[in-house]
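# Chain and residue survey
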Amino acid sequence: MRRVSRLGLLTVAVLVAPGAAVVSAAERISGDRPADSTGVGSVATRPAPPFAGIRRLETDPNDRRTADLATSAEPDPSPQTWAVSLRGVNRAGRPAVDGQSGYGVYDLDTARQVAFGQLGPDSVVELPAGRYAVRATILTPEAPDGSPSRTMAVQPEITVAGPTEVVLDARPAKRVTVRLDHARAVPVSASVTVLQRASNGRFVRHEFGDVNLDDRPFFVTPTPQRADTTSYVYTVWRSAADVYNLVHRTAGRVPDRLDLRVRAGDLAAVRTTYAAQGVGACGGTYIGPIFRNGPATVAFGTNFALPTRRTEYYLPDPEVSWYTQFAQAADCTFTELDGQTGAPRAYQRAGTFQEIWNAAPLTPAVSGPAGEPLATRDGDVVTVRLPLYSDTHRRRVDFGGPYPGVTGGLTLTATGMTPCVTDTVEPLTCVVPPNARDFLLTATATRKVPWSVLSTRTRTTWTFRSATSTGPLPLTGVRYDMKLDDRNRAPAGRPFGFTVATDPPAPTATLSASTDGGDTWRNIPLTPNGDGWRALVTNPVRGGVSLRFTATDPFGRTVTQQVDDAYTVG
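Parameters at a glance
- Residues numbered from 1 in each chain as written.
- Predicted model: local features only at pLDDT ≥ 70, side-chain atom pairs only at ≥ 80, totals over all residues.
- Heavy atoms only, no water.
- pLDDT = per-residue confidence, 0-100.
- Contact = heavy atoms within 4.5 Å.
- Pairing = 2+ DSSP bridges.
- Helix = DSSP H or I, 4+ residues; strand = E, 2+ residues; numbered from the N terminus.
- Axes fitted to C-alpha atoms, helices over the stretch in contact; angles between N-to-C directions.
- Salt bridge = Lys/Arg side-chain N within 4 Å of Asp/Glu carboxyl O.
- Buried < 20%, exposed > 50% of the residue type's maximum accessible area, 1.4 Å probe, protein only.

With that settled, consider the confidence of the model for the chain. Summing up the model confidence of the chain, the mean pLDDT is 87 and the portion of residues at 70 or higher is 87%. Low confidence marks residues 1–42, where pLDDT is under 50. Its contacts with residues over four positions away, or in another chain, come to 129 contacts. When the criterion is pLDDT under 50, residues 59–74 qualifies, and its contacts beyond four places in sequence or with other chains add up to 43 contacts.

Take a look at the structure:
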């Protein structure tokens, strides 16, 4: 009996999300449809532990559609279909009927996956007339032990106008090899991605990955030159202390030569500091590339003692950007954690760069890593999501609640309305009166966690005027630029200078400091400095320094922020 797969209409909207459920990159060989494709999020989503080894996102990587699909016109539910037979041939020339080799079929007009399954002796799918891309993952037993190699065989376009036969032949495939000119670096992760732009501008993504290219060989079939195609080979390498992140991009095709070599001098070397929040802790990262249609579904995790310094290397390419998700916890089980993510960055050239993560002071952020507003109004519905422990100067924004070890809440008030209150630090949503009026938004948080002695209590208030509208609330952001050590300490018993600024810039501001836990405060003179002010605080010989800052912009909007234990001394 032949195997028949009927056309399915995929209506779930999915955004590729590094915070989604994960499986090993070595899994999911048979068939190409994820078991669960309902995860949503972005690179700011809270990542899952353990921050070690390969992470693969269990989402549909071909689909970055939003809710517009739900309102789009449904196609004819019963179009005429044609039988399309699929036959796989492994690299040894034998039929790929091993029960593990699988296929996926994608509509080149919509980028939707319309069929998937295992290759068998008589695999047939029923498809309406149209243009499709077909991808197969084909296993071939290799000598001497018979363990299989894997081949991604891609047919970038077939036209269905009647009964059609498609042969997915692994024999023309080329082995993928990457060599890094660094004696101490070893490969730990590898994947191959081929993107095709569909007629509607969305992308079909063909992808597979594994531990590395040496232990389990990868093969990929070359493709003819096509304007809609880009291929990527992504590998991660480790040395004792450093991480190497390499993406080789080829525009227009899968090349017929995939023996790739990299010299260490060709890389961007990013000297990266992961600071501790005053005490030792365990840190972890996931680092991954972002292609034309979103993050790769494979990322590599590491964990390490905080504080730490390491060099993270990247192969420069202006068309490939990178994200980092950083987390910290009392120990490397990451049972409870918090952390940060930042704006994606691309490296244009080789050279040496600097990055710092987890730098104090840690305060609420009113905008995300890319500047997106986190407090908005849609008509008369206000939504506020304020990450509470962010490095706003570098746009390192935390993952949002729930926060372990934290109590506090958000309150929005105005004359003539019942206050909107959340007694947790979860997002606040409330309906406000339509008339223009003055609002007061307050965010308070007290925390006690084993991985930090900083920002033990914060209180920030904003005043602003708002009427029925759609867009961001006019909240003033505060950012500090301090030169602290790897444990977020300033020199003890000495004057300590730093800058403080607001977004948007405010013409008037005041600052006071406390070195006794907030019992007494002293005014700190501010000197204009660029778009902010320069402050000079005389540090105590031990303990922490708390700060209270107030600014007023030209429209009368204000922000007042108190941060207890903004930094420590040592």
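Here the focus is the sheet that holds strand 29 (residues 381–384). The antiparallel open sheet is built from 4 strands, whose spatial order is 33-29-28-36. The open sheet has two edge strands, strand 33 (428–431) and strand 36 (469–472), and neither has a second partner. Taken pair by pair, the neighbouring strands of this sheet meet at an average axis angle of 15 degrees, ignoring direction. In this structure, strand 28 (residues 375–379) lies alongside strand 29, joined through 4 bridges in antiparallel fashion. Following the sheet pairing, Asp378 is matched in strand 29 by Val381.

Quick look at unusual backbone geometry now. Put simply, Leu306 and Pro307 share a cis peptide bond, and its omega is -5 degrees. By the element assignment, Pro307 lies in the loop between strand 22 (298–306) and strand 23 (308–314). Of note, the bond from Asp503 into Pro504 is cis; its omega dihedral lies within 30 degrees of zero at 0 degrees. Along the chain, Pro504 falls in the loop between strand 39 (495–503) and strand 40 (508–514). The phi angle at Asn358 is positive, at roughly 70 degrees, despite the residue not being glycine.

So, about the pattern of salt bridges. Where charged atoms from two side chains of opposite charge come close, those side chains can pair. The tally for this structure, following the rule as stated, stands at 26 salt bridges. A salt bridge links Arg310 to Glu312, with the shortest nitrogen-to-oxygen separation between them at 2.9 Å. Looking at Arg310, the relative accessible area reads 7%, which means it is buried. We classify Glu312 as buried; its relative accessible area is 0%. With a closest N to O distance of 3.0 Å, Asp391 and Arg394 form a salt bridge. A network of salt bridges, in which partner residues are shared, links Asp109, Arg131, Glu157, Arg226 and Asp228.

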